[in-house]
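In case you want the letters, here they are:
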Amino acid sequence: MAAAAAPAGLRVRAAAPADLPALARLHAAARAAYQHARFPDAPFDTAAERDRWHAAWGRVLDRDDTPALCAVRGDTVVGAASYRRSGTAVVTLHQLHVDPGHWGTGVGRALHAACLHAWRAAGCSRAVLEVLWHNHRARAFYTGLGWRPDPDRRPAPDASHLSLTLPLSA
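What counts, and at which threshold
Residues numbered from 1 in each chain as written. Predicted model: local features only at pLDDT ≥ 70, side-chain atom pairs only at ≥ 80, totals over all residues. Heavy atoms only, no water. Core = buried A, V, L, I, M, F, W, Y, C linked by side-chain atoms within 4.5 Å. Buried < 20%, exposed > 50% of the residue type's maximum accessible area, 1.4 Å probe, protein only. Helix = DSSP H or I, 4+ residues; strand = E, 2+ residues; numbered from the N terminus. Contact = heavy atoms within 4.5 Å. Pairing = 2+ DSSP bridges. Axes fitted to C-alpha atoms, helices over the stretch in contact; angles between N-to-C directions. Phe/Tyr/Trp six-rings, centres within 6.5 Å; stacked < 30°, edge-to-face > 60°. Salt bridge = Lys/Arg side-chain N within 4 Å of Asp/Glu carboxyl O.

### Structural notes on the nonpolar core
As a rule of thumb, nonpolar side chains are buried together in soluble globular proteins. Within the largest apolar cluster, 27 residues are counted, with the highest numbers of intra-cluster contacts made by Leu93, Trp119, Tyr142, Trp147 and Leu168. Among the secondary structure elements, those contributing two or more residues to this core are strand 2 (68-73), strand 3 (76-86), strand 4 (90-98), helix 3 (107-121), strand 5 (126-132), helix 4 (136-144) and strand 7 (161-167). In terms of residue count, the dominant contributor to this core is helix 3 (six residues). Dropping the residues within four chain positions of it, Leu93 is found in contact with Ser82, Tyr83, Cys115, Trp119, Val128, Leu129, Tyr142 and Trp147. Membership of the second largest hydrophobic core comes to 16 residues, among which are Leu20, Ala24, Ala28 and Ala68.

### Structural notes on the sheet that holds strand 3
In space, the seven strands of this open sheet follow the order 1-2-3-4-5-7-6, with mixed pairing throughout. Lying at the two open borders of the sheet, with one neighbouring strand each, are strand 1 (10-14) and strand 6 (148-149). Pairing geometry for strand 6 and strand 7, over two bridges, is antiparallel. In the sheet register, Arg148 faces strand 7, and the bridge partner there is Thr165. Strands in contact with helix 4 are strand 4, strand 5, strand 6 and strand 7; relative to strand 5, the strand with the most contacts, it is inclined by about 160 degrees.

### Some remarks on the packing of aromatic side chains
Scanning the model with the defined rule gives four aromatic pairs in all. A centroid spacing of 5.6 Å and a plane angle of 85 degrees characterise the contact between Tyr83 and Trp119, whose relative ring orientation is edge-to-face. Note that Tyr83 is positioned in strand 3 and Trp119 in helix 3, a separation of 36 residues in sequence. Accessibility classification places Tyr83 together with Trp119 in one group, the buried group. Among the residues examined, Trp119 registers a relative accessible area of 1% and is labelled buried. By the ring-pair criterion, three or more aromatic residues cluster together here, those being Tyr83, Trp119, Phe141, Tyr142 and Trp147.

### Let's talk about the pattern of salt bridges
Considering all chains together, one arrives at three salt bridges under this definition. Where Asp19 meets Arg13, a salt bridge forms, and the shortest distance between an N and an O atom there is 2.7 Å. The shortest N-O distance in the salt bridge between Arg126 and Asp150 comes to 3.2 Å. In this pair, Arg126 is assigned in strand 5 and Asp150 in the loop between strand 6 and strand 7, connecting sequence segments 24 residues apart. Among the residues examined, Arg126 registers a relative accessible area of 26% and is labelled partly exposed. Note on Asp150: relative accessible area 5%, which makes it buried.

Following this line, the structure appears as structure tokens:
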């Protein structure tokens with residue numbers, strides 16, 4: 001299956017070290033938006049959170065075994081994804097974030113399509129991810145793309161995450 005075309009004006013490319021500040025900002029903003037629904041009074045998009053995600057994305061960009069992608073409109077990074085193969089046939093989607101100002105514009109779908117293309121080209125047969133249980137927007141996004149609860153992975157004891165899987169056969 002060919003990768004879906006990205007929305008007009010959007011391109012998906014490999015993330016580069018120069019993207020690190022933008023990745024940290026958009027991750028903090030996306031996290032703040034979906035966490036705010038559960039904890040309306042808690043501050044999530046803070047300097048400390050941006051520093052935390054700057055360090056985390058820095059580690060991702062330093063790894064050879066963890067590809068990272070950016071969705072870019074003009075010169076602005078509006079989405080990001082990272083994944084890692086676990087074994088020979090399974091890939092784990094670790095991050096897929098879209099700037100909240102770009103939710104619903106096809107950025108997440110374009111990133112997902114680019115991931116699918118890379119995973120299939122690498123010979124992966126199954127993808128897995130964990131999504132926060134209370135992040136209903138993300139759960140609906142993944143369900144709409146064919147992800148289903150993973151029967152091989154039990155929910156976290158605190159029920160904070162849901163494990164999903166997606167078969168990658170054509």
